[in-house]
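# Structural overview
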Amino acid sequence: MDTIMKMFQHLEWANLRILEALKAIGGRNHQTKRLFSHLLLAEEVWFNRLQGLDSNPQAIWTELTIEECSNLVMKNQQRFSGLLGGLSETTMEDVIVYKNSTGQAFSTSVGDILTHVALHGQYHRGQINRLLREDGFEPVNVDFISFVR
């Protein structure tokens, strides 16, 4: 449980750092904004699945504005913070049944879903950093080890 908590603290820190970088470059790179939008929308989808809410109608490849990204960063932080505060080692093993965007049914433990959310975000933050570098911008240090220092 401690590891998951730390992973989500890192996720929040890293998302804020990426958000600030995207604000600084404005709308000059739509791919970075699209990837960040996807990352945030996917977090929202997984939160909804964990809550037993419908998540299928959400278009997770929609490009949000920077303001919408900023709002969703805060919304996701609040939601996951509340969710994590109510979890225990036992509830981490609970199995969630959900359908993916194509309607295929899956069942996954809460702990595995939370691990996926944290790792999925870091994967896309890496892609964003690659795109930033390719466009001549400084990549954002979102390494976990930098977070814990």
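As a starting point, this report considers the structure included with it. Computed from a predicted structure; not experimentally measured.

### So, the environment of Gln77
Inspection of the secondary structure assignment puts Gln77 in helix 3 (residues 66–85). Separated by eleven residues in sequence, Gln77 and Ile66 have C-alpha atoms that sit 16 Å apart. Apart from the residues within four sequence positions on either side, Gln77 is in contact with Glu12 and Leu16.

### Points about the packing of helix 2 (residues 30–50) against helix 3
Taken N-terminus to C-terminus, the directions of helix 2 and helix 3 make an angle of 30°; their axes are 10 Å apart at the nearest point. For the element pair helix 2 / helix 3, the angle class is roughly parallel. As helix 2 packs across helix 3, the resulting crossing turns out to be left-handed. For the pair helix 2 and helix 3, the contacting residues are Lys33, Phe36, Ser37, Leu40, Leu41, Glu43, Glu44, Phe47, Asn48 and Leu50 in the first and Ile66, Cys69, Leu72, Val73, Lys75, Asn76, Arg79, Phe80 and Leu83 in the second.

### Quick look at the packing of aromatic side chains
Applying the stated criterion across every chain, the model contains six aromatic pairs. Plain terms: the ring middles of Tyr98 and Phe106 are 6.0 Å apart, the flat faces sit at 25° to each other, and that makes the pair stacked. Given a relative accessible area of 11%, Tyr98 falls into the buried group. Given a relative accessible area of 33%, Phe106 falls into the partly exposed group. With a centroid separation of 6.0 Å and an interplanar angle of 45°, the aromatic rings of Phe144 and Phe147 are classed as tilted. You can see Phe144 and its partner Phe147 sitting in helix 5 (residues 144–148), three residues apart, about one turn around the helix. With a relative accessible area of 22%, Phe147 lands in the partly exposed category.

### Side note on the side chain of Thr108
Here Thr108 is to be found in strand 2 (residues 105–109). Only 2.9 Å separates the side chain of Thr108 from the side chain of Tyr98, close enough to count as a polar contact.

### A few points about the pattern of salt bridges
Side chains that carry opposite charge are capable of pairing whenever their charged atoms lie near each other. Scanning all chains against the criterion turns up five salt bridges. Notably, a salt bridge pairs Lys75 with Glu44, separated by 3.0 Å at the nearest N-O pair. You can see Lys75 sitting in helix 3 and its partner Glu44 sitting in helix 2, a full 31 residues away along the chain. We note a salt bridge from Arg79 to Glu44, for which the minimum N-O separation is 3.8 Å.

### Overview of a negative patch on the surface
There is a patch of like negative charges on the surface, built from Asp2, Glu89, Glu93 and Asp94. Residue position: Glu89 is located in the loop between helix 3 and strand 1 (95–99).

Scoring rules and cut-offs
Residues numbered from 1 in each chain as written. Predicted model: local features only at pLDDT ≥ 70, side-chain atom pairs only at ≥ 80, totals over all residues. Heavy atoms only, no water. Helix = DSSP H or I, 4+ residues; strand = E, 2+ residues; numbered from the N terminus. Contact = heavy atoms within 4.5 Å. Axes fitted to C-alpha atoms, helices over the stretch in contact; angles between N-to-C directions. Parallel < 35°, antiparallel > 145°, perpendicular 65-115°, else oblique. Left-handed = near helix turned anticlockwise from the far one by under 90°. Phe/Tyr/Trp six-rings, centres within 6.5 Å; stacked < 30°, edge-to-face > 60°. Buried < 20%, exposed > 50% of the residue type's maximum accessible area, 1.4 Å probe, protein only. Polar contact = N/O pair within 3.5 Å; in protein donor to acceptor, adjacent residues only side chain to side chain. Salt bridge = Lys/Arg side-chain N within 4 Å of Asp/Glu carboxyl O. Patch = residues over 30% accessible without salt bridge, like charges linked within 9 Å, V, L, I, M, F, W, Y side chains within 5 Å. Areas by Shrake-Rupley, 256 points an atom, 1.4 Å probe, with all protein chains shown as cover. Lys, Arg positive; Asp, Glu negative; His and termini not counted. Charge placed at Lys NZ, Arg CZ, Asp CG, Glu CD.

Keep in mind these numbers describe shape, not what the thing actually does.
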